[in-house]
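Breakdown of the fold
The primary structure of each chain is shown beneath.
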Amino acid sequence: MDATRFKKMFLPCHRKLYGLALRLLENEDDAQDLLQEAYLKLWDRREALDAISNPEAFCTTLVRNMCLDLLRSGRYVRSLQRVELTDALALAEPDNTEARDDAQMVQTLIDGLPPQQRRVIRLRDVLGCPYEEIESATGLSAVNIRVLLSRARKKIREEFFKRRDYEKRRD
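Here is a short report on the structure shown in this document. (Residues numbered from 1 in each chain as written. Predicted model: local features only at pLDDT ≥ 70, side-chain atom pairs only at ≥ 80, totals over all residues. Heavy atoms only, no water.)

Core analysis: the biggest nonpolar cluster contains 25 residues, and F10, L17, L34, L42, L49, V63 and C67 have the highest contact counts within it. Of all the secondary-structure elements, those providing two or more residues to this core are α1 (3–10), α2 (14–25), α3 (28–44) and α4 (55–72). No other element matches the 7 residues that α4 contributes to this core. Once you skip the residues sitting within four places of it in the chain, L34 turns out to touch A21, L25, V63, M66, C67 and L70. Among the nonpolar cores identified, the runner-up in size contains 19 residues, and C129, Y131, I134 and A152 belong to it. (Core = buried A, V, L, I, M, F, W, Y, C linked by side-chain atoms within 4.5 Å. Buried < 20%, exposed > 50% of the residue type's maximum accessible area, 1.4 Å probe, protein only. Helix = DSSP H or I, 4+ residues; strand = E, 2+ residues; numbered from the N terminus. Contact = heavy atoms within 4.5 Å.)

Here it is in structure tokens:
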């Protein structure tokens, strides 16, 4: 397959693919990078692509799977979480140390959760992923996800108020 045929076959899908990546990753730069990687994968396998009857469906599945793989990687979620927490702390007023301390305490509490609870609460409450995407990313059922979220939120809430009350009594 030559470059002209490749472009005619796959570039008309670009907007849809970018929209999908952006919706799943919620980050423009990451969506663009992922789409670039998808095009490289397609180009590397261009000789086998002539057999594809529906290039749009093929590309959509490829991009979706690449996004979910990226979301499943703990390293990606951790790096994204650090950036968002840093941004949130920067937005707090400089003289509002209590809000910054509370945000740091919540982050510490999330970091202390068991791995599955930590992953689910970050995907749902930090990244805002819908339950269907969390199911796909983790392999858990919707019921399990809700149970893990409930337990994680309860643990964070209880520990947060216990620590905050302790600090107030100490002052």
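Moving on from the model shown.
Further remarks concern a negative patch on the surface. Where like charges cluster on the molecular surface, the negative patch consists of E28, D29, D33 and E37. Tracing the backbone shows E28 in helix α3. (Patch = residues over 30% accessible without salt bridge, like charges linked within 9 Å, V, L, I, M, F, W, Y side chains within 5 Å. Areas by Shrake-Rupley, 256 points an atom, 1.4 Å probe, with all protein chains shown as cover. Salt bridge = Lys/Arg side-chain N within 4 Å of Asp/Glu carboxyl O. Lys, Arg positive; Asp, Glu negative; His and termini not counted. Charge placed at Lys NZ, Arg CZ, Asp CG, Glu CD.)

Let us look at helix α8 (residues 131–138). Buried within α8 are the following residues: Y131, E133, I134 and A137. Angular distribution of buried residues about the axis of α8 spans 160°; they occupy a single face of the element. (Arc of directions from axis to C-beta.)

Structural remark: α-helix, 3.6 residues per turn; residues separated by three or four positions point the same way. When the terminal C-alpha atoms of α3 are compared, their 24 Å separation across 17 residues agrees well with the 24 Å that a helix rising 1.5 Å per residue should span. Buried within α3 we find A31, L34, L35, A38, Y39 and L42. The arc that holds the buried residues of α3, viewed along the axis, is 145°, so those residues lie on one side. In α3, the exposed positions that point more than 90 degrees away from the buried face belong to D29, Q36, L40 and D44. At its buried positions, α3 is contacted by α1, α2 and α4. Put simply, N27 is the residue that caps the front of α3, since its side-chain oxygen is 3.0 Å from the backbone nitrogen of D29. (Expected span 1.5 Å × (residues − 1). Polar contact = N/O pair within 3.5 Å; in protein donor to acceptor, adjacent residues only side chain to side chain.)

Below, the discussion takes up the packing of aromatic side chains. Aromatic ring pairs: the centre-centre distance and the angle between the two ring planes describe each pair. This structure, assessed with the given rule, holds 3 aromatic pairs. Judged by centre distance (5.1 Å) and plane angle (90°), the rings of F6 and W43 are edge-to-face. Of this pair, F6 sits in helix α1 while W43 sits in helix α3, placing them 37 residues apart in sequence. Overall, W43 belongs to the partly exposed group, its relative accessible area being 29%. For the pair F160 and F161, a centre-to-centre distance of 5.4 Å together with 75° between the ring planes defines the contact as edge-to-face. Using a relative accessible area of 11% as the deciding quantity, one classes F160 as buried. (Phe/Tyr/Trp six-rings, centres within 6.5 Å; stacked < 30°, edge-to-face > 60°.)

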